[in-house]
Amino acid sequence: MRARLGEGVKVVHARDLRPNPTDRKLWTFAEEHSLVIVTKDADFTDRILLTDAPPPWVVQLRCGNLRARALLEFLERQWPQILILLPEHRLVLVHLDHIQALG
């Protein structure tokens, strides 16, 4: 199941980067390809706060334990607002009831 984030948006899932990529490998891949890391993991959030400039950018989903389909639907609904924030912010935190942009 892949997120549908709009025409022209390329989605690369961590599982596409074999074998079992580490956080460092995911970060490096996103950095080399100017990608956005979308995660529920706070490790990437912590890391972006320690760097000076993007890429990569980080979108952390703070929406609790949703089933996969519900999580994708949630992300798809929020994506237009996230796209507006990304050019000016390195970190976007997406909560169930609001979105925060930092950096």
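The structure this text deals with has already been given above.
What comes next concerns the included structure. Being a predicted model, the structure only gives us computed values, none of them experimental.

Spatial strand order, β1-β2-β3-β4: four strands in an open sheet with mixed pairing. Either end of the sheet is taken by a strand with one partner, and the two such strands are β1 (36-39) and β4 (99-102). If you compare each strand with its neighbour and ignore which way they point, the axes differ by 15° on average. Two elements, strand β3 (residues 91-95) and β4, share four bridges in a ladder whose sense is antiparallel. Looking across to β4, one finds that Val-92 is bridged to Ala-101. Contacts from helix α2 (residues 42-49) reach β1, β2 (57-62) and β3, with the element oriented near 140° to β2. Across the sheet, helix α3 (residues 68-85) lies against β1, β2, β3 and β4, angled at about 140° from β3, the strand it touches most.

Conventions used here
- Residues numbered from 1 in each chain as written.
- Predicted model: local features only at pLDDT ≥ 70, side-chain atom pairs only at ≥ 80, totals over all residues.
- Heavy atoms only, no water.
- Pairing = 2+ DSSP bridges.
- Helix = DSSP H or I, 4+ residues; strand = E, 2+ residues; numbered from the N terminus.
- Axes fitted to C-alpha atoms, helices over the stretch in contact; angles between N-to-C directions.
- Contact = heavy atoms within 4.5 Å.

In short, geometric facts, not functional conclusions.
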